[in-house]
Amino acid sequence: MNAPVPASAFIPANLPEPSYHELNHIPGMEPAKISMLRTINFLKDPLGYSQRMMGLYGRVFRRQDFGGWGVTMIGPEANEMVLFNKDKIFSSSLGWNPVLDQVFPRGLMLMDFEEHRVHRKALSVAFKTEPMKHYLGKLTEGIKRGITSWPGRGEFKFYPAIKALTLDLAASSFLGVEWGPEAHKINRAFVDMVLAATGIVRKPLPFTQMRRGVKGRAYMCAFFGAEIGKRRGATGDDIFTQICNARDENDELLTDQEIIDHMNFVMMAAHDTLTSSLSSTVYYLGMHPEWQDKLRAEINAVKAETGGELTYETLGKLELTEMVFKEALRLIPPVPSMPRRALREFTFMNHVVPAGAHVGINTMVSHRLPDVWPDPDRFDPTRFSAENSRGRHKYAWIPFGGGAHMCLGLHFAYMQTKSFLFELLADNRIELPAGYAGEFRMFPIPKPKDGLPVRIVPL
């Protein structure tokens, strides 16, 4: 892709920035003297804060935070309008750029319309059936090796342990290598980049999180950049090599910088969001051990069929495992909210939202609406059975987004989760400390505040 693809004719050159006065016909917050305090209060309790705002103002409301004025829309219908984006009203790049442009610029999520379509099609080669079969083999090897010391070791913090394991798995599946001495630096770089994305200080000033995030990005750009030449024209089943040799509709390769930007973004998604998702899944399995028994029976049935190994063809038979994963992501979605920007005026639920407005859908609250999810705070994987899913709005559950920007690695995430639980639960049980309640910090990417203490007990 030597010639840049035009971003889109749909994006106006001079998009307005609506102020309070252009949004004051929409119910919501009044101007605060120090808007930063609202952001701080939100970060203290993102779910509770958002639910209180909905209770006060309804499912469409005006908000003020460190980014200025915007509009929050909640519910399946809002999710469908924004994510399906049938009329090309909403820009993902203009929504995410204020958050991610300094540390994860030009990732797939930060592209729109034709440019997004071209890049997504080129990258999709890495997630076709044959490469996915190879990734499963690598995941299985890495998971077996990574968890071998867990059973019987006593209580340990699950979150840092699974974070280290997902980084190791990303090395083999995504890069086709084993980490060397740079593993710690790479982990630190990604941690700093993610924290910088939602840091309150938006300039890379000395001693700020944004400065650390920008330095982390520079380190990862140099790391990937040094590897690209070795992968061009080479054969390999890892994602990095696949992307280095991916061609677009004009039979052109991605540029080095395009590959670097995509790899930074893909690695972040695979490393941080999957760490969060596996942590919430293990938390709920620990809180509901009866579901461990159900999953173990399902796992043993697959083992009996295959002779002991999980195969690509039998992934679909882990139906209960998938239901547990889905329910954990409903309660603790790895991406708690999704920002967009309106490219032109639109109307939703009788509210006219002006062009240029910053629009956000709130996954956390949408996943706990009692009219969509009865007894919404209760962990109940059977919500996702075929019978109970019948008639539910297609956009009621959106942890992986939706529409053209549906997560490209969706099936990889399912596969890695199933492989992990297959290896962990077959011969072990998860135990949490007696009387444990646990609490997750819900934003920017959910994580257990105490690291999630667990014991993996051999059966």
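Residues numbered from 1 in each chain as written. Predicted model: local features only at pLDDT ≥ 70, side-chain atom pairs only at ≥ 80, totals over all residues. Heavy atoms only, no water.

Student: Can you help me understand the pairing of strand β5 (residues 337–342) in this one?
Tutor: Consecutive side chains along a regular strand alternate between the two faces of the sheet. Taking burial as the measure, the six residues of β5 include five buried ones, the bulk of the element. Sheet topology places strand β3 (residues 90–91) next to β5; two bridges connect them, and they run antiparallel. Paired with Phe90 across the two strands is Ala342, which belongs to β5. Where β5 meets strand β8 (residues 358–362), five bridges bridge the pair, whose relative direction is antiparallel. Note on β8: the bridge partner recorded for Arg340 is Val359. (Buried < 20%, exposed > 50% of the residue type's maximum accessible area, 1.4 Å probe, protein only. Helix = DSSP H or I, 4+ residues; strand = E, 2+ residues; numbered from the N terminus. Pairing = 2+ DSSP bridges.)

Student: Teacher, can you tell me more about the pattern of salt bridges here?
Tutor: Where charged atoms from two side chains of opposite charge approach closely, those side chains can pair. Scanning the entire structure with this criterion turns up 33 salt bridges. The closest approach of N and O atoms between Arg188 and Asp192, which form a salt bridge, is 3.0 Å. One end of the pair, Arg188, and the other, Asp192, are both in helix α9 (residues 183–197), four residues apart, so they sit about a helical turn from each other. For Asp192, a relative accessible area of 10% translates into the label buried. With a closest N to O distance of 2.8 Å, Lys317 and Glu305 form a salt bridge. Highlighted residues: Lys317 in the loop between α13 (289–306) and α14 (319–331) and Glu305 in helix α13, separated in sequence by 12 residues. The partly exposed category is assigned to Glu305, whose relative accessible area is 46%. (Salt bridge = Lys/Arg side-chain N within 4 Å of Asp/Glu carboxyl O.)

Student: How do you make sense of the sheet that holds strand β2 (residues 68–73) when you look at a structure like this?
Tutor: Each strand in a sheet pairs with its neighbour through backbone hydrogen bonds, running either in the same direction (parallel) or in the opposite one (antiparallel). The strand order β1-β2-β8-β5-β3 describes an open sheet built from five strands, whose pairing is mixed. A strand with exactly one partner marks an edge of an open sheet, and here the two such strands are β1 (60–65) and β3.

Student: Got a minute to help me understand the packing of helix α12 (residues 256–287) against α13 in this structure?
Tutor: Any two packed helices are characterised by the angle at which their axes cross and by the distance between the axes. It is at 5 Å that the axes of α12 and α13 come closest, and there the two elements cross at 105 degrees. In terms of their interaxial angle, α12 and α13 are classed as roughly perpendicular. Facing α12, whose interface residues are Leu285, Gly286 and Met287, α13 presents Pro289, Trp291, Gln292 and Leu295. Class assignment for the residues of the contact of α12 with α13 results in five nonpolar, two polar and no charged. (Axes fitted to C-alpha atoms, helices over the stretch in contact; angles between N-to-C directions. Parallel < 35°, antiparallel > 145°, perpendicular 65-115°, else oblique. Contact = heavy atoms within 4.5 Å. Nonpolar A, V, L, I, M, F, W, Y, C, P; charged D, E, K, R; others polar.)

Student: Help me understand the state of the cysteines, please; the structure alone is not making it clear to me.
Tutor: Put plainly, two cysteines are in a disulfide when a covalent bond ties their sulfur atoms together. Using the criterion set out here, one finds zero disulfides in the structure. Just so you know, Cys221 is unpaired, no disulfide at all, and the nearest cysteine sulfur is the one on Cys244, 14 Å from it. Residue classification places Cys244 among the buried positions, given a relative accessible area of 0%. (Disulfide = S-S within 2.5 Å.)

Student: Please clarify how unusual backbone geometry should be interpreted in this entry.
Tutor: Among all residues except glycine, the phi angle is most often negative; among peptide bonds, the trans geometry is most common. The phi dihedral of Asp251 falls on the positive side, at around 65 degrees, and the residue is not glycine. Examined against the element boundaries, Asp251 turns out to sit in the loop between α11 (239–244) and α12. Unlike most non-glycine residues, Asp375 shows phi in positive territory, near 50 degrees. With respect to the secondary-structure elements, Asp375 resides in the loop between α15 (363–366) and α16 (386–389). Of the residues examined, Asp375 reaches a relative accessible area of 46% and is grouped as partly exposed.

Student: In this structure, what is going on with the pairing of strand β12 (residues 453–458)? I would like to understand it.
Tutor: Pairing between strand β4 (residues 156–157) and β12: two bridges, direction antiparallel. The partner of Phe156 across the bridge, within β12, is Val454.

Student: What is the right way to read the sheet that holds β4 from this model?
Tutor: On the basis of which strands lie adjacent, the open sheet formed by three strands has the order β4-β12-β9 and antiparallel pairing. The open sheet is flanked by β4 and β9 (428–431), the only strands paired with a single partner.

So yeah, pure geometry; function would need other evidence.
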